[in-house]
Amino acid sequence: TESEHVVVVHQGRHVFDVKINGEAVRMAGELVDRTLLQQRMLDAWQKTAFDWECKAVVAARPGIIVEQLVLSRLDPGAPEKGRVEEARCHVVWGKTMAVEWAVGR
């Protein structure tokens, strides 16, 4: 859950650098290496949640989530340029307790 195995791709290129073994590897703007991407997925399959994470995350079975990238165009300084925005809502017992909003990671 700590973004070690998160890869953002747009038009066949990495949007951000990629974390490998805790270190950021410069890949932003580079063409996606499909072999590396497959290896990262296989590595992730062997991972488990951290002990401090909630029981639902610890009990979750391995899987892959593929999402369609939607670029925001809300920057008034550059409305023609799309950027990555991420909103995470933390829900407890059906109520949103916290919202995180990350722009450009």
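Here, the structure is the one placed above.
By convention here, each chain's residues receive numbers from 1 onward along its written sequence. Since the coordinates come from a predicted model, pLDDT governs what is reported: local features require at least 70, and pairs of side-chain atoms require 80 or more to be given and counted, while whole-chain, interface and lining totals use all residues. Values shown for side chains rest on all heavy atoms present in the structure; no hydrogens or waters enter the calculation.

### What about the layout of surface pockets?
- A 1.4 Å probe that fits but cannot get out identifies a cavity on a 1 Å grid over protein atoms alone, an open set with protein on both sides within 12 Å along at least five of seven lines counts as a pocket, and a residue lines either if it has an atom within 4 Å of a point. Grid points are joined across faces, edges and corners, and a volume is the space filled by probe spheres set on the points. Its volume calculated, the second largest pocket comes out at about 160 Å³.
- Contributing to the lining of the second largest pocket are 12 residues, with Val 15, Leu 71, Gly 82, Arg 83 and Val 84 lying nearest its centre.
- Amino acids are sorted into nonpolar (Ala, Val, Leu, Ile, Met, Phe, Trp, Tyr, Cys and Pro), charged (Asp, Glu, Lys and Arg) and polar (every other residue, Gly among them). The class makeup of the residues in the lining of the second largest pocket is 5 nonpolar, 4 polar and 3 charged.

### Looking at the pattern of salt bridges
- Between Lys or Arg on one side and Asp or Glu on the other, a salt bridge is scored when a side-chain nitrogen of the former is within 4 Å of a carboxyl oxygen of the latter. Going through the model one piece at a time under the given rule, you end up with 1 salt bridge.
- One salt bridge connects Arg 40 with Asp 43, and the closest N-O pair in it is separated by 3.4 Å. In this pair, Arg 40 and Asp 43 both sit in helix α1 (residues 34-45), 3 residues apart, roughly one turn of the helix.
- Each residue is placed in one exposure class: buried if its accessible area under a 1.4 Å probe, protein chains only, is under 20% of its type's maximum, exposed if it is over 50%, and partly exposed if it falls in between. Among the residues examined, Arg 40 registers a relative accessible area of 9% and is labelled buried. Secondary structure elements are taken from DSSP: a helix is a run of H or I of four residues or more, a strand is a run of E of two residues or more, and numbering for both begins at the N terminus.

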